[in-house]
Amino acid sequence: MLSRLKYTFVNRSSHFDPNTSDTAPVLPRSRQDNASITTIERPPIHRIETSFNIFITFAKIRAHKLCATDLQYVVLFFVGVFCFFVVEEPTLVFKILIALGLLIAILIPITSQFFFPFLPIAAYLFLFYSSRFIPTEWRPPIWVTVLPTLETALYGGNLSSMLASSPRAVLDVLAWLPYGIMHYGAPFVVSALIFVFASPGSLPVFARSFGYMSLVGVIVQNMFPTCPPWYEIRNGLTPASYDMPGSPGGLARVDQLFGTSLYTSAFSASPLAFGAFPSLHSADSVLEALFLSHIFPKLTPLFFVYVLWIWWSTMYLTHHYFIDLMGGAMFATAVFLIARWNFLPSPQKGKRSRWQYEYIELADYDLPPSRPALSRSMTPLGASEMGENEMSEPFVEPKKHRDEDDYY
């Protein structure tokens, strides 16, 4: 990790030659005529750590000052402990090896910059897999009628049943592509686009947003188990039990079309057969669309066409009610707004890739109308921890962020 950059303040009368200087000026967006400019040493290619020295990580831990956001790691720890003791397969030895492997990946600097933001996603995946092993006596009763009743009350009918009433082979394929293929590859594609084209620091924010959103979604699905539309089609409104297998719904027709049993076997053994609300298919697609719209605002309609495609496919394949989709969409929107207002760096005009950024900004959304619209922070790359007295310019505020690994 690069050492913390040094700040210098230069008066307007001071000589500054951008062609020969190894520093880059950082100007507040609303005070370009201010009497001083801030200059920083130009960092190398954007802080991608290449060291294998774990003592660098230990030094960061010793230098880290505890703050309220560190409580997230306490939550992740307890989720991990719960999964460790609940899961019956694999064996204890294999579970210990997985835990040690994750710990080593976090301690080695070259891998920790990627695995540290990945922790919420890992917790979500572990909890999702562990759901099959939760004892029945710990689980709440399954709600069979609540979703179809709300669907009828709010929208005047069961939209999923209407869309699935006339299946066609062409429609099956059109629904299978986003639901069964693109949904699982989209997070990787979006991550790659964010890494290349967004401002440095955006990818860890997306990873944490995606992970915590999915983790809380799985917790809600376990605490509030609900039946998807395929259950109503197969069993009516009779009471459900946890020993009932899941169903591929309309994806069974896709298996028949291609002569496979991939989706039938996968969904029949789903760890969360009764996790209809909220729809993580909807939540994932909305969150991905919002992050991409933040980077490519001109392509926003295209991203939300994908969201509508996902919504249609989930109902056509009888995996979700429309109210599940709305729940997932509102959940994703709330998560994005929290990330956008507090953590997500702002894009800058004329910067087409991460390698063109010399500093990062967090837009200020909570200023009174009477004050000028200043950036909440203008943080030069390579300096993620700064003391309050290190900058004397009152219109350039340091970004109070403690985790250096967040920006790579």
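Residues numbered from 1 in each chain as written. Predicted model: local features only at pLDDT ≥ 70, side-chain atom pairs only at ≥ 80, totals over all residues. Heavy atoms only, no water.

Chemist: How should I be thinking about unusual backbone geometry in this particular structure?
Modeler: Glycine aside, residues mostly have negative phi, and peptide bonds are mostly found in the trans state. A cis geometry characterises the amide bond from Glu89 onward to Pro90, with omega recorded as 10 degrees. With respect to the helices and strands, the residue Pro90 is situated in the loop between helix H2 (71-86) and helix H3 (92-107). Here the bond from Phe277 into Pro278 is cis, since omega is -5 degrees, no more than 30 degrees from zero. Counting through the fold element by element, Pro278 comes out in the loop between helix H11 (262-268) and helix H12 (280-295). Within the chain, Thr318 stands out as a residue other than glycine whose phi angle is a positive 60 degrees. (Helix = DSSP H or I, 4+ residues; strand = E, 2+ residues; numbered from the N terminus.)

Chemist: Is there a simple way to think about the environment of Ala105 in this case?
Modeler: Looking at the secondary structure, you find Ala105 in helix H3. A relative accessible area of 9% places Ala105 in the buried class. For the pair Ala105 and Ile54, spaced 51 residues apart in sequence, the C-alpha separation works out to 9.9 Å. In this structure Ala105 touches Thr111, Ser112 and Phe115, once residues within four positions along its chain are discounted. (Buried < 20%, exposed > 50% of the residue type's maximum accessible area, 1.4 Å probe, protein only. Contact = heavy atoms within 4.5 Å.)

Chemist: Explain H3 to me, please; I cannot follow it from the model alone.
Modeler: Owing to its 3.6 residues per turn, the α-helix brings residues three or four apart onto one side. Between its first and last C-alpha, H3 extends 23 Å over 16 residues, near the 22 Å set by a 1.5 Å rise per residue. Lys95, Ala105, Ile106 and Leu107 are the residues of H3 that are buried. On its buried face, H3 is in contact with helix H1 (54-63), H2 and helix H4 (109-130). (Expected span 1.5 Å × (residues − 1).)

Chemist: What exactly am I supposed to notice about the packing of H2 against H4 here?
Modeler: Each pair of packed helices gets described by two things: the angle between the helix axes and the distance between those axes. Where H2 meets H4, the closest approach of the two axes is 10 Å, and the angle between their N-to-C directions is 35 degrees. Judged by the twist between their axes, the crossing of H2 over H4 is left-handed. Along its contact with H2, which presents Tyr73, Leu76, Val79, Phe82, Cys83 and Val86, the element H4 presents Phe116, Leu119, Pro120, Ala123, Phe126, Leu127 and Ser130. Of the residues in the contact of H2 with H4, the class split is 12 nonpolar, one polar and no charged. (Axes fitted to C-alpha atoms, helices over the stretch in contact; angles between N-to-C directions. Left-handed = near helix turned anticlockwise from the far one by under 90°. Nonpolar A, V, L, I, M, F, W, Y, C, P; charged D, E, K, R; others polar.)

Chemist: Can you help me understand the confidence of the model for the protein chain in this one?
Modeler: Low pLDDT marks stretches whose predicted atomic positions should not be read closely. In the predicted model, the protein chain carries a mean pLDDT of 78, and the fraction of residues at 70 or more is 77%. Considering only residues more than four positions removed or in separate chains, one finds that residues 365-408, a stretch of pLDDT under 50, has 136 contacts. (pLDDT = per-residue confidence, 0-100.)

Chemist: Would you mind going over the packing of helix H7 (residues 169-197) against helix H10 (residues 251-258) with me for this structure?
Modeler: Taken N-terminus to C-terminus, the directions of H7 and H10 make an angle of 105 degrees; their axes are 10 Å apart at the nearest point. Taken together, the axes of H7 and H10 are roughly perpendicular relative to one another. When H7 is examined against H10, the residues Asp172, Val173, Trp176 and Tyr179 are found in contact with a partner set consisting of Leu251, Arg253, Val254, Leu257 and Phe258. Taken together, the residues of the contact of H7 with H10 sort by class into seven nonpolar, no polar and two charged. (Parallel < 35°, antiparallel > 145°, perpendicular 65-115°, else oblique.)

Chemist: Explain the nonpolar core here, please?
Modeler: What tends to happen in soluble globular proteins is that the nonpolar side chains get buried as a cluster. Ranked by size, the top nonpolar core spans 48 residues in total, and within it Ile194, Phe206, Leu215, Val286, Leu287, Phe291 and Trp311 carry the most contacts. Elements represented by at least two residues in this core include exactly H2, H4, H7, helix H8 (202-223), H12, helix H13 (300-316) and helix H14 (322-342). Look past the residues within four positions of Ile194 in its chain and what remains in contact with it is Ser202, Leu203, Phe206, Phe291 and Ile295. Formed by nine residues, the second largest nonpolar core is a distinct cluster that contains Leu251, Val254, Phe267 and Tyr316. (Core = buried A, V, L, I, M, F, W, Y, C linked by side-chain atoms within 4.5 Å.)

Chemist: Would you explain the pattern of salt bridges in this entry?
Modeler: Opposite charge on two side chains lets them pair, provided their charged atoms get close. For the structure shown, the criterion picks out one salt bridge. Asp172 is the partner of Arg253 in a salt bridge, and the nearest nitrogen-oxygen pair spans 3.0 Å. One end of the pair, Arg253, is in helix H10; the other, Asp172, is in helix H7, and 81 residues separate them in sequence. Arg253 sits in the partly exposed class, given a relative accessible area of 27%. (Salt bridge = Lys/Arg side-chain N within 4 Å of Asp/Glu carboxyl O.)

Chemist: It is not clear to me how a nonpolar patch on the surface should be interpreted in this structure. Could you clarify?
Modeler: On the surface, a nonpolar cluster with roughly 820 Å² of combined accessible area is contributed by Leu92, Val93, Phe94, Ile96, Leu97, Ile98, Leu100, Leu103 and Phe126. With eight residues, the top contributor of residues to the nonpolar patch is H3. On the accessibility criterion, Ile98 (37% relative accessible area) is partly exposed. (Patch = residues over 30% accessible without salt bridge, like charges linked within 9 Å, V, L, I, M, F, W, Y side chains within 5 Å. Areas by Shrake-Rupley, 256 points an atom, 1.4 Å probe, with all protein chains shown as cover.)

Chemist: Mind showing me how you'd approach the packing of aromatic side chains here?
Modeler: The geometry of an aromatic ring pair comes down to the distance between the two centres and the angle between the two planes. For the structure shown, the criterion picks out 21 aromatic pairs. An angle of 80 degrees between the planes, with centres 4.9 Å apart, marks the rings of Tyr155 and Phe322 as edge-to-face. Linking Tyr155 in helix H5 (residues 146-155) with Phe322 in helix H14, this pair joins segments that are 167 residues apart in sequence. By relative accessible area, which is 31% here, Tyr155 ends up partly exposed. (Phe/Tyr/Trp six-rings, centres within 6.5 Å; stacked < 30°, edge-to-face > 60°.)

Chemist: What's the story with the side chain of Ser285 in this structure? I'm lost.
Modeler: Examined against the element boundaries, Ser285 turns out to sit in helix H12. In this structure, Ser285 is in contact with Tyr306, Val307, Ile310 and Trp311, ignoring residues within four places of it in sequence.

Chemist: Got a minute to help me understand the side chain of Ser214 in this structure?
Modeler: Looking at where Ser214 falls in the secondary structure, it is placed in helix H8. Owing to a relative accessible area of 0%, Ser214 belongs among the buried residues under this scheme. In this structure the side chain of Ser214 is engaged in a polar contact, spanning 2.9 Å, whose partner is the backbone oxygen of Phe210. Excluding residues within four positions of it along the chain, Ser214 makes contact with Tyr124, Leu280 and Asp284. (Polar contact = N/O pair within 3.5 Å; in protein donor to acceptor, adjacent residues only side chain to side chain.)

Chemist: Would you explain the environment of Ile310 in this entry?
Modeler: Positionally, Ile310 belongs in helix H13. Sequence separation between Ile310 and Asp284 is 26 residues, and the spatial gap between their C-alpha atoms is 9.9 Å. Residue contacts for Ile310: discarding those within four places in its chain leaves Pro178, Tyr179, His183, His281, Ser282 and Ser285.

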